[in-house]
Amino acid sequence: MSAGAEAGAGPGNPLIRAFSGLVAGLNSMGTAWIFALMLIINVDVLSRYLFNAPIQGVAEIVELSIVGIVFLQISDAVRAGRLTRSDGLFQQIMKRRPVLAHSMGAVFDLAGTMFFIFILFGAVPRLIEAYERGYFAGNEGLFVVQVWPIRLILVIGCIVVAIQFALLALRYVRAVQDHRRPAP
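Reading the values: the criteria
Here the residue numbering is sequential within each chain, running from 1 through the sequence in written order. Whole-chain, interface and lining totals are the exception, using all residues; otherwise, since this is a predicted model, local features are given only for residues with pLDDT of at least 70 and side-chain atom pairs are given and counted only at 80 or more. The side-chain figures draw on all heavy atoms in the structure; neither hydrogens nor water molecules are used. We count a stretch as a helix when DSSP gives it H or I for four or more residues in a row; a strand needs E for two or more, and each element gets its number in order from the N terminus. Atoms considered for the radius of gyration are the C-alpha atoms alone. The globule rule reads 2.2 Å times the number of residues to the power 0.38. Partly exposed residues are those whose accessible area sits between 20% and 50% of the maximum for their type, while under 20% is buried and over 50% is exposed, using a 1.4 Å probe and protein chains only. Only heavy atoms matter for contacts: two residues are in contact if any of them lie within 4.5 Å across the pair. Only the protein chains shown count as cover for residues, and all accessible areas are computed by the Shrake-Rupley method using a 1.4 Å probe. This count recognises Lys and Arg as positive and Asp and Glu as negative, with His and chain-terminal groups excluded. The atom standing in for a charge is NZ when the residue is Lys, CZ when it is Arg, CG when it is Asp and CD when it is Glu. Aromatic pairs are defined between Phe, Tyr and Trp rings, using the six-membered ring for Trp, whenever the two ring centres lie within 6.5 Å; interplanar angles under 30 degrees are classed as stacked, those over 60 as edge-to-face, and all others as tilted. As a reminder, the over-ring test applies to NZ of lysine and CZ of arginine, requiring each to be within 6 Å of the ring centre and within 35 degrees of the ring normal. What is meant by a nonpolar core is a set of buried Ala, Val, Leu, Ile, Met, Phe, Trp, Tyr and Cys residues, joined one to another through side-chain atoms within 4.5 Å.

Some details on the overall build of the protein chain
- Looking only at helices and strands, the protein chain features five helices and two strands.
- Counting from the amino terminus, helix and strand elements in the protein chain follow one another as α-α-α-α-β-β-α.
- Computed over the C-alpha atoms, the radius of gyration of the protein chain is 21 Å, more than 25% above the 16 Å expected from 2.2 N^0.38 for a compact globule of 184 residues.
- By residue count, 33% of the 184 residues in the protein chain fall in the buried class.
- By sequence separation, contacts in the protein chain at least 24 residues apart represent 74% of the contacts at least 6 residues apart.
- Within the structure as shown, the protein chain displays about 11,300 Å² of accessible surface, and the carbon and sulfur contribution to it stands at 67%.
- Across the protein chain, the 15 positively charged side chains and the 11 negatively charged ones have centroids separated by 14 Å.

So, in structure tokens, the structure goes:
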């Protein structure tokens, strides 16, 4: 089972189950978005090749979609333990000094929590500004798309991944406490 699979609480906790459902749902939305993006790109390529008539705005859609997809799917990657990191040394420490390893895991996950909270603090004002001022991507007269929905996805993604990191940190803290408790 991956490092993030249990995420800080037992499977019977309804809040954890609901949160896991949210994470899985966001991941599924990202996957569906990737599929839709593949269709749009392929139709654009075929339209260019067969009819010499590209679809306007595909580049802008792809550009904005990458950000949206990443922030929809990153919390699931964290939960499943698929976030890129080197586990070789960590696994060796876990075998020899589990309390130290769990402590390191808690620090890593708390750092992840803080990192996404800092991104959130920068993203919220930009979301508000994009919404209030009607920012868009593209060229007027050809193709425009509002920017605020992508920034909203970024904000939601930051909140969810910060919570996911915090749950994982809590799991590591509980593991440290369990190791330190004397056997009955």
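Things to note about the packing of aromatic side chains
- In total, this model carries five aromatic pairs according to the counting rule given.
- When the ring of Phe90 is compared with that of Tyr172, the centres are 6.3 Å apart and the planes differ by 85°; the resulting orientation is edge-to-face. Linking Phe90 in helix α3 (residues 88–96) with Tyr172 in helix α5 (residues 148–180), this pair joins segments that are 82 residues apart in sequence. The two residues Phe90 and Tyr172 agree in class, both being buried.
- Centroid distance Tyr131 to Trp148: 5.2 Å. Interplanar angle 90°. Geometry classified as edge-to-face. Of the two residues, Tyr131 is situated in helix α4 (residues 98–133) and Trp148 in helix α5; the sequence distance between them amounts to 17 residues.
- The exposure class of Tyr131 is exposed, given its relative accessible area of 55%.
- Residue Trp148 is classed as partly exposed on the basis of its relative accessible area of 29%.
- The ring of Tyr172 carries the charged tip of Arg171 above its face, separated from the ring centre by 4.8 Å.

A few points about the nonpolar core
- Counting residues in each nonpolar core, the largest one holds 26 residues, and the members touching the most others are Phe71, Val78, Phe116, Cys158 and Val161.
- If you list the elements that add at least two residues to this core, you get α1 (14–51), α2 (58–79), α4 and α5.
- The dominant element in this core, judged by the number of residues it contributes, is α5, at eleven residues.
- When sequence neighbours within four positions are dropped, the list of residues in contact with Phe71 reads Phe116, Ile153, Leu154, Gly157 and Cys158.

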